[in-house]
Amino acid sequence: MSLESIRYERGRLEILDQLLLPLQTRYIKVQGVEDGWKVINKMQVRGAPAIAIVGCLSLAIEILKDDCVDKKIMRQEIEGKLNYLVSARPTAVNIKLAADELINLANSLSADENVTADDFRERLIRNIESMLIKDIEDNKAIGKFGCETILKRLEGDSHVRVLTHCNTGSLATAGYGTALGVIRSLHAAKRLEHVYCTETRPYNQGARLTAYELVHEKIPSTLIIDSMVSALMHARNITAVVVGADRVAANGDTANKIGTYQIAIVAKYHNVPFYVAAPLTSIDMSLKSGDRIKIEERPDREMTHIGEHRIAAPGISCWNPSFDITPASLITGIIIEKGVFSPGKLHEAVP
Ligand SMILES: CSC[C@@H](O)[C@@H](O)C(=O)COP(=O)(O)O
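Quantities reported herein were computed from a predicted structural model and do not represent experimental measurements. (Residues numbered from 1 in each chain as written. Predicted model: local features only at pLDDT ≥ 70, side-chain atom pairs only at ≥ 80, totals over all residues. Heavy atoms only, no water.)

1. Brief notes about the domain arrangement of the protein
So, point 1. The domains assigned to the protein are domain 1 (6-135) and domain 2 (140-349).
So, point 2. One C-alpha centre belongs to domain 1, the other to domain 2; they are set 26 Å apart.
So, point 3. Interface of domain 1 and domain 2: buried area, both sides summed, is about 2300 Å²; carbon and sulfur atoms make up 52% of it.
So, point 4. Remark: the boundary between domain 1 and domain 2 carries one salt bridge.
So, point 5. Residue glutamate 296 pairs with arginine 89 through a salt bridge whose shortest N-O separation is 2.9 Å.
So, point 6. At the junction of domain 1 with domain 2, the criterion picks out 16 residue pairs in polar contact (both at pLDDT 80 or more).
So, point 7. Secondary structure elements with two or more residues in the side of domain 1 that touches domain 2: helix H2 (48-65), helix H4 (94-111) and helix H5 (117-152).
So, point 8. The element best represented in the side of domain 1 that touches domain 2 is H2, accounting for four residues.
So, point 9. Here the side of domain 1 that touches domain 2 is composed, by residue class, of 15 nonpolar, six polar and five charged. (Domains from an automatic or database assignment. Buried area = accessible area lost by both parts, 1.4 Å probe. Salt bridge = Lys/Arg side-chain N within 4 Å of Asp/Glu carboxyl O. Polar contact = N/O pair within 3.5 Å; in protein donor to acceptor, adjacent residues only side chain to side chain. Helix = DSSP H or I, 4+ residues; strand = E, 2+ residues; numbered from the N terminus. Nonpolar A, V, L, I, M, F, W, Y, C, P; charged D, E, K, R; others polar.)

Shown next, in the form of structure tokens:
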């Protein structure tokens, strides 16, 4: 069975504390929006789709407990809480798009005289709950399209060696994963020879989380440190790079975990196709290019310490952007649940 980052049943939400992985498996209760904001901000749950789902589910937990009978007051509170949740981490767009959709729904339900306060609550909760199933379905479609596209470029029935960055698996989504979903699909098709995952400093999503998922799934895999990517491409004949996304702009420029841009440049130099795998909920057509994507900067401590242990010289200053922007010109294809699109054709896929 795949790892489960989010455990939900109506009225009860728990998340797997990703700060403790891989050494400890501990679920923490999320009792409402305040808890939701904290677990996202502290990165106890992370990954663009998981952030959106946990944020919205934390609101569902609160809506269920609410006994207000005035829809207008509820609507106003929901909007405020959603905007608060969006502020927990700024780069991934999924939670912002989900919040906008829920605010629109709350507006129309509030304006409809045939909808009671109880109906209003029920409709919002059901809408939020459906995100869990939809995300897994989308990821499976992404996995299938990504697998087909990578295999299409190969001669005969040879096997592939893939490089991935950060964590995009079950831990970063409702399940299955995006880039890791493509890798899972290649493995299921018995065409994956090997996957290489980067350590992904400074938070080490690769070494702690992706490596954990790959070992758990028994997928043949090797960990490399971030500065080995050029050497790996030179030595190991990598077939493709597949990464996830936190926000893809209308022209295909992609914000993803810091280090992604560097890998894309190295891939271009070595003629290795570079794919971004992401659901439509990561695509922000309101931004023409990546220039205006807000990049989150994280605390110095993530760089200066490993756990409680200081590794950097005391007194040194740090720059710790959590994401970078890979220009569309370095991206071979964007794999979404509708198929694979070159960055320039993204507008054909997104309504
Ligand atoms: C399916 S997860 C896609 C992205 O969110 C992932 O690649 C990533 O950059 C995660 O960053 P994180 O800072 O761990 O939330």
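Read on for the rest.
2. Considering empty space enclosed by the protein
So, point 1. Per the stated rule, a full pass over the model turns up two cavities of 30 Å³ or more.
So, point 2. The wall of the largest cavity is formed by 24 residues, among which Arg46, Gly47, Ala48, Asn167 and Asp246 lie closest to the centre.
So, point 3. When contributions to the lining of the largest cavity are tallied by element, the ones reaching two or more residues are H2 and strand S9 (254-257).
So, point 4. Partitioning the lining of the largest cavity into residue classes produces 10 nonpolar, 10 polar and four charged.
So, point 5. Counting contributing residues per domain, the lining of the largest cavity is built from domain 1 (6-135) and domain 2 (140-349), each supplying no fewer than three.
So, point 6. Counted as a void, the second largest cavity has a volume near 40 Å³.
So, point 7. Considering the residues around the second largest cavity, the lining is formed by Met43, Arg201, Pro202, Tyr203, Gln205, Lys257, Ile258, Arg298, Glu302, Asn320 and Ser322. (1 Å grid on protein atoms, 1.4 Å probe; cavity = no way out; pocket = protein on both sides within 12 Å on 5 of 7 lines; lining within 4 Å. Points joined across faces, edges and corners; volume = space filled by probe spheres on them.)

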